[in-house]
Amino acid sequence: MRERWRVIVVLAVALFAVNVVARLIIRLGFDGDDGAADRVSLGMFVVIGLILATVAFRWGRQRPVAEWSGDLVVAVGAALLLTVLVGPLLVGNNPFAGGAGTFFAQIWLYLAAAGAGVLLGYLLLTALGLDHRSQSLKRYAEVKAAKPRRVVRR
């Protein structure tokens with residue numbers, strides 16, 4: 001159980017670190033250039049999506065969806081809260097400085113990137129037949145095929 005929480009915390013911190021790096025790049029390299037800031041933010045969302053696609057792919061091979069999806073929701077939720085509430089403070093901004101529209105847009109974009117990443121990773125895993133359920137069904141079919149048929153005599 002302790003290992004499970006450690007993995008969740010590490011994932012949340014990694015997702016938050018991606019956001020912090022993007023904010024620092026914007027702050028130090030493109031302060032005042034909205035176009036460049038938008039491109040860096042888009043890159044951040046792509047990286048977050050790719051990280052989550054990789055995690056969904058790896059966890060989906062090892063455990064059923066019902067087991068790892070809750071862990072993923074907790075990690076993404078924690079990273080999202082850190083991103084929208086703590087991230088701006090690290091670069092000297094107020095989380096609500098851009099207004100409610102910017103605050104909620106950040107949340108929706110983060111959730112969209114996270115959802116797209118998880119969906120992409122799990123759909124790829126399922127399409128390749130490597131997900132936990134497909135592997136369980138494959139093992140079941142192999143065991144059933146290995147047993148000889150019982151002959152019923154009259």
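Before any of the text, the structure's been laid out above.
Residues numbered from 1 in each chain as written. Predicted model: local features only at pLDDT ≥ 70, side-chain atom pairs only at ≥ 80, totals over all residues. Heavy atoms only, no water.

Draft legend 1. Molecular detail of the overall build of the protein. In terms of helices and strands, the protein carries 5 helices and 0 strands. In sequence order, the secondary structure elements of the protein are arranged as α-α-α-α-α. A compact globule built from 154 residues would reach a C-alpha radius of gyration of about 15 Å, whereas the protein, at 21 Å, exceeds it by more than 25%. Taken along its principal axes, the extent of the C-alpha atoms in the protein is 90 × 35 × 25 Å. The buried share among the 154 residues of the protein stands at 31%. Put simply, of all contacts in the protein between residues at least 6 apart along the chain, 74% involve residues at least 24 apart. In the protein, which carries 18 positive and 9 negative side-chain charges, the distance between the mean positions of the two groups comes to 22 Å. (Helix = DSSP H or I, 4+ residues; strand = E, 2+ residues; numbered from the N terminus. Rg over C-alpha atoms; globule rule 2.2 N^0.38 Å. Buried < 20%, exposed > 50% of the residue type's maximum accessible area, 1.4 Å probe, protein only. Contact = heavy atoms within 4.5 Å. Lys, Arg positive; Asp, Glu negative; His and termini not counted. Charge placed at Lys NZ, Arg CZ, Asp CG, Glu CD.)

Draft legend 2. Representation of the nonpolar core. Ranked by size, the top nonpolar core spans 29 residues in total, and within it Leu-11, Leu-15, Ile-48, Leu-52, Leu-72 and Tyr-110 carry the most contacts. Elements with a contribution of two residues or more to this core: helix H1 (2-29), helix H2 (34-62), helix H3 (65-90) and helix H4 (100-127). No other element matches the 9 residues that H2 contributes to this core. The contacts of Ile-48, once residues within four sequence positions are left out, are Leu-15, Val-18 and Tyr-110. (Core = buried A, V, L, I, M, F, W, Y, C linked by side-chain atoms within 4.5 Å.)

Draft legend 3. Spotlight on the packing of H3 against H4. Relative to each other, H3 and H4 sit at 150°, their axes nearing to 11 Å. Our classification of the angle between H3 and H4 gives roughly antiparallel. Seen along the crossing, H3 lies across H4 with a hand that is right-handed. Along the contact surface, H3 presents Val-65, Trp-68, Leu-72, Val-76, Ala-79, Leu-80, Thr-83, Val-84 and Leu-85, while H4 presents Phe-103, Gln-106, Ile-107, Tyr-110, Leu-111, Ala-114, Val-118 and Tyr-122. (Axes fitted to C-alpha atoms, helices over the stretch in contact; angles between N-to-C directions. Parallel < 35°, antiparallel > 145°, perpendicular 65-115°, else oblique. Left-handed = near helix turned anticlockwise from the far one by under 90°.)

Draft legend 4. Here's a closer look at the pattern of salt bridges. Using the criterion set out here, one finds 3 salt bridges in the structure. The residue Glu-3 makes a salt bridge to Arg-6 at a minimum N-O spacing of 2.8 Å. Of this pair, Glu-3 and Arg-6 both sit in helix H1, separated by 3 residues, roughly a single helical turn. Classification of Arg-6 by relative accessible area gives partly exposed; the value is 44%. (Salt bridge = Lys/Arg side-chain N within 4 Å of Asp/Glu carboxyl O.)

Draft legend 5. Summary view of the side chain of Asp-71. Here Asp-71 lies in helix H3. With a relative accessible area of 6%, Asp-71 lands in the buried category. If sequence neighbours within four positions are ignored, Asp-71 has contacts with Arg-4, Ile-8, Trp-59 and Arg-63.

Draft legend 6. Local environment of the packing of aromatic side chains. Counted according to the given criterion, the structure contains 4 aromatic pairs. Between Trp-68 and Tyr-122, the aromatic rings sit 5.8 Å apart at their centres with planes inclined by 50°, giving tilted as the arrangement. Here Trp-68 is found in helix H3, whereas its partner Tyr-122 is found in helix H4, with 54 residues between them in sequence. Taking the relative accessible area as the measure of exposure, Trp-68 reaches 3% and is therefore buried. When its relative accessible area of 22% is taken as the criterion, Tyr-122 is described as partly exposed. Between Phe-96 and Phe-103 the ring centres are 4.7 Å apart and the planes differ by 40°, which places this aromatic pair in the tilted class. Among the aromatic residues, ring-to-ring pairing joins Phe-96, Phe-103 and Phe-104 into one connected group. Across from the ring centre of Trp-59, 5.2 Å away, lies the NZ or CZ of Arg-63, which sits over that ring. (Phe/Tyr/Trp six-rings, centres within 6.5 Å; stacked < 30°, edge-to-face > 60°. Lys NZ or Arg CZ within 6 Å of the ring centre and 35° of its normal.)

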